[in-house]
Each structure stands twice: as structure tokens, then as C-alpha cells.
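Observations on the model geometry
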Amino acid sequence: MEQLNELELLMEKSFGEEAAAPEELFQKKKEASFPKTILSHGMDNRYLVLAVNTVQNKEGNYEKHLIITASQSLDYKEQCILRSDSSNPATRQMLIGTVLHEVFQKAISSKSFTPEKLQELSCQIVQEIKHLKEMYRLNLNPDEVKQEVEEYLPSFSKWAGDFMHQGTSTDFPQMQLSLPSDGSSNNPTRNIEVINSLDIEESIWSPRFGLKGKIDVTVGVKIHQGSKTKYKIMPLELKTGKESNSIEHRSQVVLYTLLSQERRADPDAGLLLYLKTGQMYPVPANHLDKRELLKLRNQMAFFLLHRISKSPGKEKTQLTFLPQITEEEKTCKYCSQVGNCALYSRAVEQQMDENSVPVVMLSKIQEETCHLKLTHLEYFSLWYLMLTLESQSKDNRKNHQNIWLKPASEMEESGNCIGNLIRTEHVKRVCGGQYLHHFQRKNGSMPVTNLMAGDRIILSGEERTLFALSRGYVKEINMTTVTCLLDRNLSVLAESTLFRIDQEEKNCDIDTPLGNLSKLMENTNASKKLRDLIIDFREPQFIPYLSSVLPRDAKDTVANILKGLNKPQRQAMKKVLLSKDYTLIVGMPGTGKTTTICTLVRILYACGFSVLLTSFTHSAVDNILLKLAKFQIGFLRLGQTQKVHPDIQKFTEEEICRSKSIKCLALLKELYNCQLIVATTCMGISHPIFSHRTFDFCIVDEASQISQPVCLGPLFFAQRFVLVGDHQQLPPLVLNPEASALGMSESLFKRLEKNQNAVVQLTVQYRMNSKIMSLSNKLTYDGKLECGSDKVANAVINLPHFKDVKLELEFYADYSDNPWLIGVFEPNNPVCFLNTEKVPAPEQVEKGGVSNITEAKLIVFLTSVFIKAGCNPSDIGIIAPYRQQLKIINDLLEHSSVKMVEVNTVDKYQGRDKRIILVSFVRSNKDGTLGELLKDWRRLNVAITRAKHKLILLGCVSSLKRYPPLEKLFCYLNTEKLIIDLPSREHESLCNILGDFQRG
DNA sequence: GCTCTGCCTAGAGGA
């Protein structure tokens, strides 16, 4: 039964039929196995396999069903299901290994290895939520895990008794250890004494060797040789598996000695401790070994660095070949990456002949990939290439080298670093692996900085040797102190240590989308269905009659909920309920997407369906949940509590565990299984809940803004899915131009829209009045948008003091012959474009971005007038495509003491609205320079669909009409006579008025 | 040419 260890083991009582084994053979086996076997609980238990059946399960995966018995009389049998779970490489041994590491680390830190202490520690650690979560994932019984952990404990005590007792040098175990620094000395026998633990999980990055890692235990060791004693600080590596003292294990220790040199003197050697037996081996770090390991490291790095190449002559970028596939079948047999390796080889390298791949491996590749069509392989390689390109794009590769190379004082100028910090107050342990630290500037106050609460950071010492001590995030920052949650406790360092904090680079997560892509290619029913639908565009199917899906007792409730909806919304609900595969809901601007999703969830809930609710961002997920919470519908919100909306935090796993003080697996299971509705972001799908639960429906909001491999993630866990979005609004963000050209910004929503029978459009909108709505109807929606009611259609802005303001303005200047001001502020003119051509208002291009100071001044003037006329500042929104312009506008507003007016980019305003929107288009030049941003008609569509009652557009018509989308807009505005020219030098007179305004 | 959001992510063991 040895080989069962690598498989997920599931025991179920069963008295099912079994295939009979030949009687003779069976008798022999029975006699051979039973007499010697101890039939008890625990690790050494033995069973006899009576029959084996291979069965395909619901998900299409193959399982082995064994009938086994533990009794000689054969009257008590059990069924044992063996599942090879390739998508989930975590195993029981890994979990037990992790727990044992923690127990040992806690014991050595507290310098106590008494059986009582060890017992207490294992009890505590096994009960920690993070481990219970893994037990849930792996279907393990906590008692069994605890029992298995406890079997190691006597060896812990034995080890401590051998190496850590009080005594003379010769009392310690003798070991063969020749330290490289001793030269070729004669006698390699030493007595080894472990004094203490100096650090646990010490995290070291070594730019010098190009390595990083965490050292299990950093120990102080005395090496006795005769009367001589040497003191060394060494890495101690713990192993819980078989005592192999293998080349792999020893090499790992050698690498740790290299890391260790970044912080202190060369340890010359490290220690390898097998916790099963308490046996410890010294590992000398010989020069030649180090050199060979670094050579291997460099070969690996080479392949990782050159994942793509441009073929000579051609402009086309391609994925490069991976290192040659090994010829050893055995190595492949136990590799967790065989599937991916075969897939890459077949799809990317297209290696299908004996010249490029070892013959024995060809069949392996064939076996792993034969279920895939050419279209699937092409989809895989294209997305693999695009994801790789994107992950290598400039913004994602801001490397860590500055933290290492540049002093903090220099880095502070960028605003991403704070140096010269000392620790104040005590370090507070918040929970396992999170420590609250307070820092203060050693002399003086904090520098000007971009760092904000919630930012991920890297903490280093000012000294180079203390590079990247810990990672974490900023909890709070003010003029005098920074509070950080760090993954390590820094109180082990001297109090006078000077620290620096650097903002962590954004490393784009390529693992999740790649993992999803790989999963899409798996030979399971769920993946096959998604491949059919997504790659091969199989037509989505629908059930003809609602009666077959609606439970009778839910009909009234559903009918009631439907009452509150408009016609297209009801159609959407119906379509979803009838769907067997998927539905796409197009939510045009202002059509109540969030309300529609909320209603959809309520209906599905009433029917007893389970729903997985997701979106790319936390805020989009919470928007729906905030509405849902009002209807007394229960749900579980997964994800980090600190990222969740404060009103939703009480629904997070962490909060529920805390408030109900959940400390056992049974309660955790109940928590995971009790809600029909589970909500999380698309990236949150590695949660253990998804290794057991599937859902009737998966709803993805903002789907038109999510890239395909990310959007795919949650879809694996549901029978059918609903994508909600609008591809006429902004697409997924892609940084790399080549990836973008290859089609990376096409969302799954856009791709599947080809199947029109799956699409429902929400066309009735409740945001814009009819004049504002007409713009995007002409520009993008072909007149499909309609107002929800006359009230919506005719709504205008209310400016109670406008008459007074008008009088005041006329006091300064005569506007009778150029009444543009009235044109702008008149509530019955909901749309106008102010042309700055004659002013003029030229743009400024700097390295930080594009801006337009004249436009900014005009915008601020208009805003001030709206407020003076009685408009609530929080009803006004200012939009510009460029960050630099926002900065200038914000500065001017602050100068004019205008508060509560929200200034943001077009991209950030997607999904939001305001009563009044002012748009500054910024671009204005004579040389014809065009930026990329305004070329995208979807960005323009978003910009002009945010205002409810009044939309003021500001820019230079002659420059802007070079952009096709804007040209189309001007064409319409012209026919409606909505473009107003500003007179020459108008901004100067207005600025004077503004000054008087504020004084008055 | 200037738009930016998700991820706790190194190592826990197998042979």
C-alpha cells in the first residue's frame, strides 16, 4: 500500500460488489501478508486489497476503487477510492511537514523540548486555521494528522538531548566534518554542540548569487575538536520525510550557506536534520560544490530569462524551447509538471518526432495531450505567448536592484522609499506570521512620500547586509511614524538598527492565468466543456420552458422579484434561468447592472441554486454584496478582510472564524458549506473551498474588463456561467504593445459575443437625461439606449442661485455679445462642448505626462461657478484622460479651497456617475502629435456617459478632430449646434473674476 | 506614449 501515499485517499464504508481475484493467488497473498502485520491504527497499518476497479467519476477523472480489508476473516471490508489529483499538488505529507516544521521551530525558539511542551505545541499548531484549511482541502482528519505529528515528537526530544544539553565538549555527538576553512587537516572528527536558535525562517535575498530563500533555523553551533572550539552561525535545514541524506537535500543546505554569507561570516557548513529519527548530518560547503550549483542555477536562469525570442529576419516574437526533455522515464513519472511539460512540448515546441524528443517520452507527450485538438493547442500557445510578453513588459519589471544599489537618501526622492528609520515601541504579534512594527525617523520628520496605508513594502536595514529582511504592508502612515505589518519579528535585531522601507514592485501575477490555461487543457469533463464553448465556439444551449427549471414553491417569490424589473432585465433573468451553458448580459451605461446582478442572485437563491459571484476587483464584488445584504440573503465572502468593504467584512471567512471562534475542522466545514452564495475575486480561486464545492451558476461582473485566462478561473467551478459587461466600454488593461497587437485585450465577454443567441442587452437606462444619452446613442449604441422614464429623460440640474451668480458675473464683464457662459450654465442645455481653439490653450508635454494648464484653469472656474450657483460639490465630477492633468486640476482646486469635487481619469470613472461632469480633453497642438488614449472610442464612450444632468466638454476642436472617435462626436455636436467657441484670452479675464469671486 | 488591478508565495515531501 506504500504507493497510496502520493494519492488522495478517501475511505468509504462499502459492501459493494467486487471483481474476484483468482482464489489460489488470493489465498497465498492473504497468508503472506497477515501474520506479520500489526493491525492497529496509525502509520503502520496494513490492509489486503481484495479487488481493484477503475472508474470515471463525475468530473471525468479516473479513480481506482479498491475493496480492502484489515481482518483475516475478511468479514469487514471497506472501499478505498484512489484519486490522482493533478490540479492539486498539495499532499498530506506536505501538510504534516509544514506542521512539524512549525512545532520544531517553536520548540527551539523557546529552548524547550520536554514531551509536555512538544505535545502542547503540536496541539496548538494543528488547530491553526491555516492548517485546518489545508486539511479541508485534502480531506484529512485532524486527529489523524495530530497523531502522525506526535509520532515524531520523541525524536525531537532525542535530538535536543544529544545536541543541546549542558555538558563538556566530548558529551556531544561525534561527526565527520572537515570544514573547508580548515584546509586539509588530518582528523575530520568533531563534536557538535547546538547552542541556540538565532532566527527562524530567516528570509534572505542574495543579489550576488542570484538566489533567495528562507532558512528553517539559523543556529549558533560550537564545533569541538580536542581542546579547540570554534563558534559558527549555520543554517539548519529540517526534513520530515525519508532520511535520505540525498544530493538534493545536501545541495539545498549548501545553497543556504551561500545565502547566509549575505548576513554574516561564511558558515563553511550547514546542518541537515531528519526529524523522523532525530539524525543530523553536517554538510560542508565545498568550493567545487558551490560552483557546480551556481552553474546549474545560471543555466536555469538563462532559460527563464529567454522565454521569448525574435526569430532572425522575421519580426515575429516566439516562445523559446525549454531545456531538452530528460531521457529518464523515472524522473518524469514522479514530476508534478508532466502535464504542463507535455503540453508545452506539443503546443509550443511542436515536438512530435523522434529527432527532437527521446523516443520513450514521445508516447508520454502523446498520452498527455491526445485529447486536444489543433485549435486548443493554438489557443494555448497564443495565450502563453501573450501572457509571457505581458509579464515582461517594462512596468512589470521594475526590479529590486535599486533597493540594493541605491542608498535610501537617494531613493527617497522618487517618493517610494523612506530611510533612516528606527524601531519604536514593542513588536506586537498579530497572528502567526504577522508582526506589527512601529518606526520613526531617527532625526526629523518623514520625507514627502507616495507610500500609503495598504501598500506592499520591502523592509531592509540601511546596511547592505540587511537587504530585504522582511516583507509586509503599511498599516498606517503620518507625519512622524510609520506602522507596518511585517512577516518577521525584527526585535531580534539591535535596537539601534537603522531601517528603510521600499515600495514593493508590482509583480503581475502570471501564475494564476497560466494555471487556468493549463487547467483548460486538462482531460476532464469540466475543461472539455469550456474548451468546446470558448475555443471552438460551440453554440450555447437553452432549455425551452421555464417550468422545468423553476421549483413550484419558488414561483411566487420569483414573480414578485420580477415585478421590480424592466422588460430587458426580465428577459435577462429568463435567459439565464433557461441557459445550459452561458449567458452574456450587455449592461450599457446606466442600465442598472449592479441591480440586475443583485436581482439575478435573489432569483437563483429563491430557486435553491448555488451561485459563485465574482469580478476582477474587490470593489465590484462588494458593490453587489452591499445591495444583496439588504435583502437578508446570506453569503460567504472570501478574500483578505482588509481589502473588503467595511460593511461587508462581517461576511468574510476571517471575521466569521473570529466572531464564532471557530477552531475545529467540523465548524470550518460547516462554514464553507452552509451558504448557497459564495463571492470572491477571479484571483481568489485557489481557496480550499474550490477543491470540494461546485456551483450551479457562476456570475462574473465587469467581465468585459477581464482578460480571458483570468476570467476562466472561476468558470471551472460552475455548471454554467453568466458574464456581465459592455465591450463598448474599456477593455482589459494590457501594457505590452505586442501582446496587445496579438489580441490580448480581447475579453472572454467580447470573444463569446459572436454567439448572439447567448446575448441579452440591457437598454433601458436610468442615469442620463435624453440629451446626454443621445451622444452615445449616436456614437456607439445605434440608438438602442432608451430612458427608463420621462422623469429620467427630462431631468435637469438644479442651480438655485444661478440668477445671482449671473448678475455678479455681468458686473465684471458684458457677456451679451458672447453668451457662452449662459450656454454652459443654463440647466436646459445639458450638453455643450467648449472649444478653446481661439483662447488658445496649448498642451504641455513633460516626462510625467500630458497636461493643459489653461484648460485646467477654465475647468476650475466653471466648477467654482457651479458651486456658487448652489450645486453640491459632491455632485460634480471632473474627468481627464491624463494623470498629469488631474494633478494640476487638484492643485488649483485646493488653492481655491474647493473640496469634495472628485477628480479622476476616464478609466477610474468607469462604472460610476455624477450629476455634473466636466471633461478636459487636454490635447491641443499644431504639430499633429496624437496620443494613444483618445484613439480608443471606448474611452470616449465612457467619458460621455458618466453625467446624469449636465455634461461639459472642454478642448481644442481642431486638434481633437484628428482622433476618429472625436471627429464622429464633433460631427453630431455640430448638427445640434452644441459647440461653443471661447473668445480669445478668455481664461485671463476669468481668472481675475475667480479671484474676486473668492474674496467676495 | 503616459490609462493600472488582482494575488501571502518559498518550500512543505515524493523517489
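Residues numbered from 1 in each chain as written. Chains lettered and ligands numbered in written order. Predicted model: local features only at pLDDT ≥ 70, side-chain atom pairs only at ≥ 80, totals over all residues. Heavy atoms only, no water.

- Naming follows an unreviewed UniProt entry, where chain A appears as DNA replication ATP-dependent helicase/nuclease of Marmota marmota marmota.
- For chain A, the Subunit (unreviewed entry) comment in UniProt is given as "Interacts with BLM and WDHD1."
- One UniProt comment on chain A, placed under Catalytic activity (unreviewed entry), says "ATP + H2O = ADP + phosphate + H(+)". (UniProt positions renumbered as here; feature names shortened; annotations may be inferred.)

**Quick look at the protein's contact with DNA strand B**
- Inspection of the region around DNA strand B gives 40 residues, with Lys214, Thr240, His618, Thr681 and Glu932 positioned closest.
- Within 4 Å of the protein, the contacting atoms of DNA strand B are drawn from sugar and phosphate to the extent of 70%.
- Within the contact set of DNA strand B, a phosphate oxygen lies 2.7 Å away from a side-chain nitrogen or oxygen of His618.
- Arg883 is positioned such that a nitrogen or oxygen atom in its side chain is 3.0 Å from a phosphate oxygen of DNA strand B.
- The leading source of residues in the surface near DNA strand B is helix H2 (residues 92-109), at five residues.
- The residue makeup of the surface near DNA strand B, split by class, is ten nonpolar, 13 polar and 17 charged. (Near = heavy atom within 4 Å. Polar contact = N/O pair within 3.5 Å; in protein donor to acceptor, adjacent residues only side chain to side chain. Helix = DSSP H or I, 4+ residues; strand = E, 2+ residues; numbered from the N terminus. Nonpolar A, V, L, I, M, F, W, Y, C, P; charged D, E, K, R; others polar.)

**Topic: the packing of aromatic side chains**
- Applying the stated criterion across every chain yields a total of 22 aromatic pairs.
- Ring centres 6.0 Å apart and planes at 75° place the aromatic pair Trp205 and Phe467 in the edge-to-face group. On the criterion of sequence distance, the pair formed by Trp205 in strand E6 (residues 189-206) and Phe467 in the loop between strand E15 (456-461) and strand E16 (470-477) is long-range, its members being 262 residues apart.
- The class of Trp205 is buried, set by a relative accessible area of 10%.
- Accessibility expressed as a relative area gives 7% for Phe467, which makes it buried.
- Aromatic rings pair up to connect Phe104, Phe113, Phe156, Trp159 and Phe163 into one cluster.
- The cationic tip of Arg720 hangs over the ring face of Phe609; the distance from NZ or CZ to the ring centre is 5.6 Å. (Phe/Tyr/Trp six-rings, centres within 6.5 Å; stacked < 30°, edge-to-face > 60°. Buried < 20%, exposed > 50% of the residue type's maximum accessible area, 1.4 Å probe, protein only. Lys NZ or Arg CZ within 6 Å of the ring centre and 35° of its normal.)

**Topic: empty space enclosed by the protein**
- Counted by the stated rule, this structure contains three cavities of 30 Å³ or more.
- The residue inventory of the lining of the largest cavity, partitioned by class, reads seven nonpolar, no polar and one charged. (1 Å grid on protein atoms, 1.4 Å probe; cavity = no way out; pocket = protein on both sides within 12 Å on 5 of 7 lines; lining within 4 Å. Points joined across faces, edges and corners; volume = space filled by probe spheres on them.)

**Points about the environment of Arg464**
- Locating Arg464 in the fold gives a position in the loop between E15 and E16.
- Along the sequence, Arg464 and Met683 sit 219 residues apart, while their C-alpha atoms lie 35 Å from each other.

**A word on the sheet that holds strand E34 (residues 947-955)**
- In space, the six strands of this open sheet follow the order E32-E31-E33-E34-E28-E35, with parallel pairing throughout. The sheet is open, and its two borders are formed by strand E32 (902-905) and strand E35 (979-981), each paired with just one other strand. Put simply, the sheet's adjacent strands are angled 20° from each other on average, direction ignored.
- Direction of pairing for strand E31 (residues 876-880) relative to E32: parallel, over a ladder of four bridges. Following the sheet pairing, Gly877 is matched in E32 by Glu902. (Pairing = 2+ DSSP bridges. Axes fitted to C-alpha atoms, helices over the stretch in contact; angles between N-to-C directions.)

**So, the state of the cysteines**
- Considering all chains together, one arrives at zero disulfides under this definition.
- Free of any disulfide, Cys417 has its nearest neighbouring cysteine sulfur in Cys484, separated by 12 Å.
- On the accessibility criterion, Cys417 (0% relative accessible area) is buried. (Disulfide = S-S within 2.5 Å.)

**Regarding the pairing of strand E18 (residues 499-503)**
- Burial of E18 is extensive: four of the five residues sit out of reach of the surface.
- Two strands pair when backbone bridges link them, and E15 and E18 are joined in this way by five bridges, in the antiparallel orientation. Within E18, the residue paired with Leu459 across the bridge is Ile501.

**Observations regarding the layout of surface pockets**
- Each pocket or cavity is described by its volume, and for the second largest pocket that value is around 360 Å³.
- Lining the second largest pocket are 15 residues, and of these Lys316, Thr317, Gln318, Leu319 and Leu385 sit closest to its centre.
- Mapped by element, the contributors of at least two residues to the lining of the second largest pocket are strand E12 (317-319) and helix H12 (374-391).
- Looking at the lining of the second largest pocket element by element, the count peaks at four residues for H12.
- A class-by-class count of the residues in the lining of the second largest pocket yields seven nonpolar, five polar and three charged.

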